[in-house]
Structures are given as C-alpha cells and as structure tokens.
Amino acid sequence: MKYTNQQLQELGLATLPAHIVIIMDGNGRWAKGRSLPRAAGHKAGVERLRELIRFSSDAGIAALTLYAFSSENWVRPEPEVRVLCNLLVEYFNKEIAELHENQVRIRAIGDLNAFPQRVQKAVRAAEEKTAQNAGLKLNIALNYGAQAELLRAAQACSARAIETGRLPEKADFEAQLYTADLPEVDLMIRTSGEQRLSNFLLYQLAYAELYFTPCFWPDFTKEEYIKALRDYNARGRRFGGL
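Attention here is on the structure that accompanies the text. (Residues numbered from 1 in each chain as written. Predicted model: local features only at pLDDT ≥ 70, side-chain atom pairs only at ≥ 80, totals over all residues. Heavy atoms only, no water.)

Summed over all chains, the structure comprises 13 aromatic pairs. Their ring planes at 80 degrees and their centres at 6.0 Å tell us that Tyr67 and Tyr144 sit as a pair that is edge-to-face. One end of the pair, Tyr67, is in strand β2 (residues 63-70); the other, Tyr144, is in strand β4 (residues 137-144), with 77 residues separating them in the sequence. Like Tyr144, Tyr67 is buried. (Phe/Tyr/Trp six-rings, centres within 6.5 Å; stacked < 30°, edge-to-face > 60°. Helix = DSSP H or I, 4+ residues; strand = E, 2+ residues; numbered from the N terminus. Buried < 20%, exposed > 50% of the residue type's maximum accessible area, 1.4 Å probe, protein only.)

Given below as structure tokens:
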C-alpha cells in the first residue's frame, strides 16, 4: 500500500527524510533478556526488517541504509559470525522476490571480499536482479567501516591528483564514497540506548539529525519507526543558519 500525502500528514509525517540510516543494535541483549541464545536475537532482528523496509518503500522514502555487519564484527565468536552469515544468505534468498516486485533497489556497501562465497553470491544476485528498479534504494552495510571508506576515498583522490596535477575538490572526494549516488543523510536512528556512531558513515552524518531510542532492534516496530519520523518532523534544521 502506497501512502498518500494526506495519510502521511495524518500520521504526523508531513516532511519525510530523503535518506535514513539505521544502526540496528541490541539483538544480543534482546535475546539475553529472554534467556535465549544470541542467534535467536539476530534472527528476530532480521525478521524485523520486513515491516520497516515495506513502510519506507510505501511512504516514498528515497534511501534507507542499514548497518548490518561492521568491519569490527569479525572479532565476535566464530559461531556467531557463521550465524550472521547464514542469516544474510537466508534473507537475500527469501526476500528478494517481494523486494523486486516493490521496485526496491538493493546494494551492499563495504568490502564483501572477506565474506564466504555463498554470502557474496547471494548479495551480488540481489544487486543484479534489482539494479534497474526505481523505488527505495536499500543499502546494506556489510563489512563496512567509515574510517576505511574515508581512507579509500582519500587514496583514490590522491592517485587522481598525481595523474592530473589537480587538487581534488569536495565533489571529487564524495564521488569516491559508497554513497556517491544517494541523497544526503537526513536522519540517523540507533536502537538499544547506545549513543555513539560506531564508525558508521562518519562523513555522511555531518549534518544528519540523530535519534537514539532505548528500544532493542527486534522491538523497533513500525510504530517506533513512525515515532522517530515524527521527532524528525518536529526539529528545525538550520545547517548553520538562523
């Protein structure tokens, strides 16, 4: 169901962010609080995605970027990393048909090369299948770290500067980021009560509105999402002006 402008206004969402990023945190603590294994928390977290992606698409949000696996997550116990990899494959294989039908375009940001081949294959297949879709741009951050991204962009610009003899400008640098063709980030949401960026999109979040909620990710329902979007609507964004 696509939301009309009137329906969005009735929800208190007269103004929507063009680009939302979410740090999906708290799966393990959610599971611990229910005396469940951490794997159950990760599975519940993946299941939570379906409703929020569908709402984002139906509401007309242009881009949604999800922090699924950081470059630091490799230090977790090997069985947990294996569970996360299996869930990634399962998610892309299971959800791709509906996402494609709803014109969602999927893209991974980060360095996929560190993942097992089965993960890379599932992600690449989803990217290829949805590449021409014109709806929500759904970006999944996998083996992503902002510091590594910035270093990668700086190295590319340096090499180009040596080749051309011209110093790079802001647009040249931004063209080397994973988010080059996406709208600027308007809103960052982090669940679980933690209030830090955790090496996520450090450059892109320069002027984003930040929203922190104590909700663990598996409890972050559509209603909680709408609450965050209403909070965004209530803010005055001045970008250094008056």
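From this point, the narrative continues.
So, on to the pairing of strand β1 (residues 19-23). Within β1, five of the five residues are buried, leaving the element largely enclosed by the surrounding structure. Both β1 and β2 contribute to a ladder of five bridges, which runs parallel. Opposite His19, over in β2, you have Ala63 as the bridge partner. Pairing analysis gives four bridges linking β1 to strand β5 (residues 187-190), with the strands arranged parallel. The residue bridging Val21 from the neighbouring strand is Met188, located in β5. (Pairing = 2+ DSSP bridges.)

Let's shift gears to the side chain of Arg105. Turning to its location among the elements, Arg105 is positioned in strand β3 (residues 105-109). For Arg105, a relative accessible area of 13% translates into the label buried. Reaching out from Arg105, the side chain makes a polar contact with the side chain of Asp181 at a distance of 3.4 Å. Dropping the residues within four chain positions of it, Arg105 is found in contact with Thr130, Ala131, Asn133, Leu136, Lys137, Leu138, Asn139, Asp181 and Leu182. (Polar contact = N/O pair within 3.5 Å; in protein donor to acceptor, adjacent residues only side chain to side chain. Contact = heavy atoms within 4.5 Å.)

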